[in-house]
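Fold and geometry: a report
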Amino acid sequence: MGVLTQDKLVVAISSRALFDMSDSHAVYETQGLEAFARYQIEHENQVLAPGDAFSLVSKLLGLNRFFEDGPKVEVILLSRNSADTGLRVFNSIEHYGLDISRAAFCGGASPYRYVTSFGCQLFLSTHADDVRHALESGVAAATILAAPAGAVESEQLRIAFDGDAVLFSDEAERIYKSEGLEAFTRSEKEAANLPLSGGPFKPFLAALHRLQAALDPHDCPVRTALVTARSAPAHERVVRTLRAWDIRLDESLFLGGMKKGTFLKAFGADVFFDDHMVHCESASEHVATGHVPHGIANQVKEQP
């Protein structure tokens, strides 16, 4: 058992990321809000199927059993539903035994406004605009893409991150975008001893690291990985940056531009976070993936 002295890890999740609400959402898009509300009420005792982030949430909450001084992970439901139509969501939460008690039902409005009020370090949603607003508020956030069916299950929680514009700032990637690979490599080699600034997911990674540090290092239920397109010699600045932050990643894959999907599947990632939509779409063929709409890659149109 571990003892964690820092604050909890708090994760916010939208109802459509947690559960498969494709049927009711189709009603909303084709017939409007009133028909959607009527459909949800008529089916409120029908349990929703797990959504693309369900396994991740279940494993996050499962970490609490390893702490002897009370729960250290909390999941908050943030929903565009009203409390009336959201009753089906809470009925499903109860059915699956998920320890989720706090929620904000916003009646059609964006729920991102409550991310900081709840003290969340991460927000996951299927609504891209809500995710962008959360990022602008300084909270790590990602748009969950459809996950492959039949993913391999394990008890260990495994989370993988891209580097630039996710864990780190996009300062190096801006050089790559404007001046090319040769200038990027030269710049990163020259700045090898200068730590990169933190990206939007640095606080979330730090919170995960604190959880890991409080648990048995020989049988830790959390495993993290950096999966980046960088390669030598641009790897050194990354290694030294993490060392300067005093944050440990269990695995680091420097792929030199290779596609990440098969590596993420081999790692067994419950979720992978990347800022490039092209990489996210490729990764989502293998594992659940969160697009982080942050940095220069989301300001300049990407080429296939």
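Everything in this summary refers to the structure shown in the same document. The residue numbers shown here count from 1 along each chain, following its written sequence. Given that the model is predicted, a residue must reach a pLDDT of at least 70 before its local features are reported, and side-chain atom pairs must reach 80 or more before they are shown or counted; all residues, however, enter totals for whole chains, interfaces and linings. Calculated side-chain values reflect all of the structure's heavy atoms, with hydrogen atoms and water omitted.

Turning our attention to the pairing of strand β6 (residues 122-125). Note on exposure labels: buried denotes an accessible area under 20% of the residue type's maximum, exposed denotes more than 50%, and partly exposed covers the range between, all computed with a 1.4 Å probe on protein chains only. Numbering of helices and strands starts at the N terminus; helices are DSSP runs of H or I of at least 4 residues and strands are runs of E of at least 2. Alternating residues of β6 divide into Leu122 and Leu124 and Phe123 and Ser125, and every residue in both groups is buried. One requirement defines pairing of two strands: DSSP has to find at least two bridges between them. In this structure, β6 lies alongside strand β7 (residues 140-145), joined through four bridges in parallel fashion. Bridge pairing in β7 links Leu122 to Ala140. When the strands point away from the viewer and the connection leading from the first strand across the helix to the second strand turns clockwise, the crossover is called right-handed. Between the parallel pair β6 and β7, the chain is carried across by helix α6 (residues 128-136), and the sense of this crossover is right-handed.

Turning our attention to the pairing of strand β11 (residues 271-274). The alternating pattern of β11 places Val271 and Phe273 on one face and Phe272 and Asp274 on the opposite face, and all of these are buried. Relative to β11, strand β8 (residues 157-161) runs parallel, the two being bridged by three bridges. By the bridge assignment, Ala160 is partnered in β11 with Phe272. Sheet topology note: the β11/strand β12 (residues 289-291) ladder contains three bridges and is parallel. When the sheet's bridge partners are listed, Phe273 is paired in β12 with Gly290.

As a further point, take the pattern of salt bridges. Salt bridges are identified by distance alone: a Lys or Arg side-chain nitrogen within 4 Å of an Asp or Glu carboxyl oxygen. Applying the stated criterion across every chain, the model contains 16 salt bridges. The shortest N-O distance in the salt bridge between Arg237 and Glu188 comes to 2.8 Å. Note that Arg237 is positioned in helix α10 (residues 235-245) and Glu188 in helix α8 (residues 181-190), a separation of 49 residues in sequence. By relative accessible area, which is 1% here, Glu188 ends up buried. Salt bridges sharing common partners tie together Asp164, Glu171, Glu188, Arg230 and Arg237.

Here a disulfide denotes a covalent bond joining the sulfur atom of one cysteine to the sulfur atom of another. Criterion for a disulfide: a pair of cysteine sulfur atoms within 2.5 Å. Summed over the entire model, instances satisfying the criterion amount to zero disulfides. A disulfide-free cysteine, Cys106 has its sulfur positioned 12 Å from the sulfur of Cys120, the nearest such atom. A residue is classified by how much of its surface remains accessible, and Cys120, at 8% relative accessible area, is buried.

Further remarks concern the sheet that holds β6. The strand order β5-β4-β1-β6-β7-β12-β11-β8-β9-β10 describes an open sheet built from 10 strands, whose pairing is mixed. Only two strands of the sheet have a single neighbouring strand rather than two, namely β5 (103-105) and β10 (251-254). For this sheet, the mean angle separating the axes of adjacent strands, direction not counted, is 20°. We call two residues in contact whenever any of their non-hydrogen atoms come within 4.5 Å of each other. To get an axis, a line is fitted to the C-alpha atoms, and for a helix only the part in contact is used. The angle between two axes follows their N-to-C directions and goes from 0 to 180 degrees. Each of β6, β7 and β12 touches α6; the most contacted strand, β7, lies at about 165° to it.

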